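Fold and geometry: a report
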Amino acid sequence: MTSQEKRVVVTGLGVLAPNGHNVQEFESALRNGRTGIRHNPEMDEFKFSCQVAAIPQGIEELCVANFSEELLMSMNCAQRYAALAAVECWRDAGFEVPSETDDEAIDWETGAVFGTGIGGMETIAERVAPLVNERKIRRLGSTAVEQVMASGVSARLSGILALGNQVTTNSSACSTGTEAVIEGLYRIRAGRSSRMICGGTEAATRYIWAGFDAMRVLARKWNDSPSKASRPLSASAGGFVPGAGAGALMLESLESASKRGARIYAEVLGGSINCGGHRSGGSMTAPNPLGVERCIKEALSESKITADQVDLISGHLTATGADPKEVWAWSRALGRPAEDFPTILSTKSLIGHTLGAAGAIESIAAILMLHSDFVHPSVNCEDVHPDLVAFEGSIPRKAKENEGNDIVMKASFGFGDVNACVSFQRWQA
Amino acid sequence: MSEEQIFEQVVKILTPYVKDEKALASISGETNILEDLKVNSARLVDVVLAFEDEFDIEIADEDVDSVNTVGDCVSLIARTKG
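Residues numbered from 1 in each chain as written. Chains lettered and ligands numbered in written order. Predicted model: local features only at pLDDT ≥ 70, side-chain atom pairs only at ≥ 80, totals over all residues.

Here we come to the domain arrangement of chain A. Residue and element names in this part refer to chain A. For chain A, the assigned domains read domain 1 (8-266) and domain 2 (270-426). With centres defined by C-alpha atoms, the gap from domain 1 to domain 2 works out at 21 Å. Of all elements in the fold, only strand E1 (8-16), helix H1 (23-31), strand E3 (52-54), strand E4 (110-116), helix H9 (176-189), strand E6 (195-202) and strand E7 (245-253) reach the threshold of two or more residues within the side of domain 1 that touches domain 2. For the side of domain 1 that touches domain 2, the element with the most residues is H9, which contributes eight residues. (Domains from an automatic or database assignment. Helix = DSSP H or I, 4+ residues; strand = E, 2+ residues; numbered from the N terminus.)

Right, dumping it as structure tokens:
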């Protein structure tokens, strides 16, 4: 394998975010610091402590325009989001959606690693449990299994796009989306596929959010001012805002992309995935700081870049007490003190925490910031956290244009003490 | 309800599942659901549930096994409705 074959680039993007239903809308929302967080009457009705959420709005029309009636009847929320993002990504990469009955359409060189953190929770809660408890098993029909099987989200994409390479669903809590990108990178590098649709999806349902609300990790104090509820890096951060959506990235070998003259957004330089082993402060719900630092360092060396080349960090930064620890972990891992620290921001300040989709949607934001040369604001941290005062100058409170950023690192850390970190470089043809 | 009316409703219920539009255009009692209309066999259980809801009947599993054509559906529904 030549060195060129091992290079992997991004040739397509698709996103269904709480503040934008496609890449163009999403980019504009990021640039303008437009929030996707709204008051959620249902959470109010069901007596959640947190009553704000970040949900893609009014997607019914998009679904009807893109999918057959049979498909619509068979897909649950997470699958609809995934399918919409993947179809946009597929077209953005320069392909046409094939006919469902065209047996010649199968693309053996494209696969998918498309994850979900929680999966088909609303199908279980709204259909499986009630019908089984009422002894009405046969009323479940044919679609319950394909909606609750973890791999349902990626399998669905294969059906719509006729993907013939590896099609799988990964699940690593809040690091799922970033992990999917890295897994796709590895597969293409290994020469086992030319293209992988990588991403993550998470449904909008109170049944997912209830457990987090019970843990008191959701934002509870900003129910009357939704746009202020997601406050990463601030002294007043009091939990994350639950979100939903999907992001899809077409990763492709540079060889394949060059051969077909594809538009390239960025190069995926490298990435690292690890786990803190639930030791040294790590647990099911907290990261081992040593694991975090190691993951960032490994991502650097795997990307063959040095810490001083990093211009921008898209942090995990959920708006909990873990934010300051994360920033300091970045500083130690990169060996860059506050006075020499890269720009750091939280996309979650605008779209909340989309759980299994977060790494994918935030990777798309990171790539767009390189490709279109801007930095989106990290909002709601006027009152920077006392432990982060030294880093204040690195946090963009307002959007910036023409910064000439070249390399961004994106990290996601999840329950289970799992970490994923990836780096992207702006593409210069 | 006449058999013609049942036929019309059966076609309406089957339509979203049909993969062969040509076969749908010339649909008749003899049209085979799986072979001609290319309906995914797994979806037959959803079709049967839709028949039950539409015609307010209950269809026994063993009766479903003998259904192959659109005409089979119509006569099964007419018979069950009594």
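Bringing the interface of chain B and chain A into the picture now. Reports of interface size often rely on the accessible area that becomes lost once the parts have come together. The partner chain A presents eight residues to the eight residues of chain B that form the contact. Partitioned by chemical class, the residues of the side of chain B that touches chain A number five nonpolar, no polar and three charged. (Contact = placed C-beta atoms within 7 Å. Nonpolar A, V, L, I, M, F, W, Y, C, P; charged D, E, K, R; others polar.)

What follows covers the sheet that holds strand E13 (residues 407-414) of chain A. All names here are of chain A. A sheet is described by the order of its strands in space; here 10 strands give the open sequence E5-E4-E6-E7-E1-E8-E14-E13-E9-E10, paired in mixed fashion. Strands at the two margins of the open sheet, each flanked by one partner only, are strand E5 (167-168) and strand E10 (343-345). Both strand E9 (residues 312-314) and E10 contribute to a ladder of three bridges, which runs parallel. Counterpart to leucine 312 in the pairing with E10 is threonine 343. The strands that helix H5 (residues 77-92) touches are E1, E4, E6 and E7; relative to E1, the one it contacts most, it runs at about 135°. Across the face of the sheet, helix H12 (residues 289-302) comes into contact with strand E8 (266-275), E13 and strand E14 (418-426) while running at roughly 150° to E8. (Pairing = 2+ DSSP bridges. Axes fitted to C-alpha atoms, helices over the stretch in contact; angles between N-to-C directions.)

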